[in-house]
Amino acid sequence: MPSAYCVRSLGAGLLPDLQSAYRAFHSTETAVLKVMSDILWAIDNGNLSLLALLDLSSAFDTVDHEILLRRLGVSYGLQGTALSWFTSYLNGRMWFIRCRASRSNPALLGCGVPQGSVLGPILFVLYTADLVRLIENFGLHPNLYADDA
């Protein structure tokens, strides 16, 4: 199998090639075709084929800010002003619960990427990019779609 890293829109090596969604020419259709192709290839070659699906529930809410910022610095080379901007974007966010006229005390949010923003999906994909390599290390053929693997 070819290397899992290659990107058209953000530059070579940033996003896993097997990550569908959030990028041009990587749709639901291409994800399904890739999975079907892998299964048929395995069967045609007399190999065992097993499909395991991983749905990361509330995935965007589970992104640890410290780990993401470290990955942006170490894995993707962000530093200086760019890394400071992401730190400012993620840190210091507050949340509270409101029910009718009642509201809880605000609390600091230590994880999660803002949903509904353009950066949310990309930050999640960068956060989970090593999942492809981890799965491949076990001799398996992964495919990721949005927050599913």
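Residues numbered from 1 in each chain as written. Predicted model: local features only at pLDDT ≥ 70, side-chain atom pairs only at ≥ 80, totals over all residues. Heavy atoms only, no water.

### Comments concerning the packing of aromatic side chains
For clarity, the threshold we go by: Any pair of Phe, Tyr and Trp rings, taking the six-membered ring for Trp, is counted once the centres come within 6.5 Å. Such a pair is stacked with planes under 30 degrees apart, edge-to-face with planes over 60 apart, and tilted for the rest. For a Lys NZ or an Arg CZ to count as sitting over a ring, it must be within 6 Å of the ring centre and within 35 degrees of the ring normal.
Evaluated as defined, the whole model comprises 3 aromatic pairs. Measuring from ring centre to ring centre gives 5.0 Å for W85 and F86, while their planes differ by 80°; the resulting arrangement is edge-to-face. These aromatic residues form a ring-pair network of at least three members: W85, F86 and Y89. The ring of Y89 has R93 lying over it, and the distance from NZ or CZ to the ring centre is 5.0 Å. Lying across the ring of F96, R103 places its NZ or CZ 4.0 Å from the centre.

### Notes on the pattern of salt bridges
Put simply, the test is: For this analysis, a salt bridge means a side-chain nitrogen from Lys or Arg found within 4 Å of a carboxyl oxygen belonging to Asp or Glu. For the purposes of this entry, the term helix denotes a DSSP run of H or I that reaches at least four residues, the term strand denotes a run of E that reaches at least two, and both are numbered from the N terminus. A simple rule labels every residue: compare its accessible area, found with a 1.4 Å probe on the protein chains alone, to the largest value its type can have, and call it buried under 20%, exposed over 50%, or partly exposed in between.
Within this structure, the stated rule accounts for 3 salt bridges. Across the pair R71 and D130 runs a salt bridge, and its minimum N-O distance is 2.8 Å. Linking R71 in helix α2 (residues 65–74) with D130 in helix α5 (residues 130–136), this pair joins segments that are 59 residues apart in sequence. When its relative accessible area of 12% is taken as the criterion, R71 is described as buried. Across the salt bridge formed by R133 and D130, the nearest N and O atoms sit 2.9 Å from each other.

### Notes on a nonpolar patch on the surface
Heads up, the condition is: Patches in this entry comprise residues that are over 30% relatively accessible and not in a salt bridge; like charges within 9 Å are linked, as are nonpolar side chains (Val, Leu, Ile, Met, Phe, Trp, Tyr) within 5 Å. For the area figures, the Shrake-Rupley method with a 1.4 Å probe applies, and any residue is considered shielded solely by the protein chains shown.
Nonpolar side chains collect at one region of the surface, where V32, M36, L40 and I43 lie side by side and expose about 370 Å² of accessible area between them. Exposure remark for M36: the relative accessible area of 41% places this residue in the partly exposed category.

### Describing the environment of M94
To keep things clear, this is the line we draw: Note on contacts: a residue pair qualifies if any of its non-hydrogen atoms lie within 4.5 Å across the two residues.
Here M94 is to be found in strand β2 (residues 94–95). Residues contacting M94, with those up to four places away along its chain left out, are P106, A107, L108 and L109.

### Details of the nonpolar core
Just so we agree on the cut-off: Buried Ala, Val, Leu, Ile, Met, Phe, Trp, Tyr and Cys residues that are joined via side-chain atoms within 4.5 Å together make up what is termed a nonpolar core.
Ranked by size, the top nonpolar core spans 16 residues in total, and within it V63, L68, L72, L90, V113 and L123 carry the most contacts. For this core, the elements supplying multiple residues, two or more each, are α2, α3 (80–90) and α4 (119–128). Ignoring sequence-local partners within four residues, the contact set of V113 consists of F60, V63, L68, L90, G120 and L123.

### Things to note about the environment of A42
Position of A42 relative to the elements: it lies in helix α1 (residues 28–44). Classification of A42 by relative accessible area gives buried; the value is 9%. Discounting chain neighbours no more than four positions away, the residues touching A42 are N47, L48 and S49.

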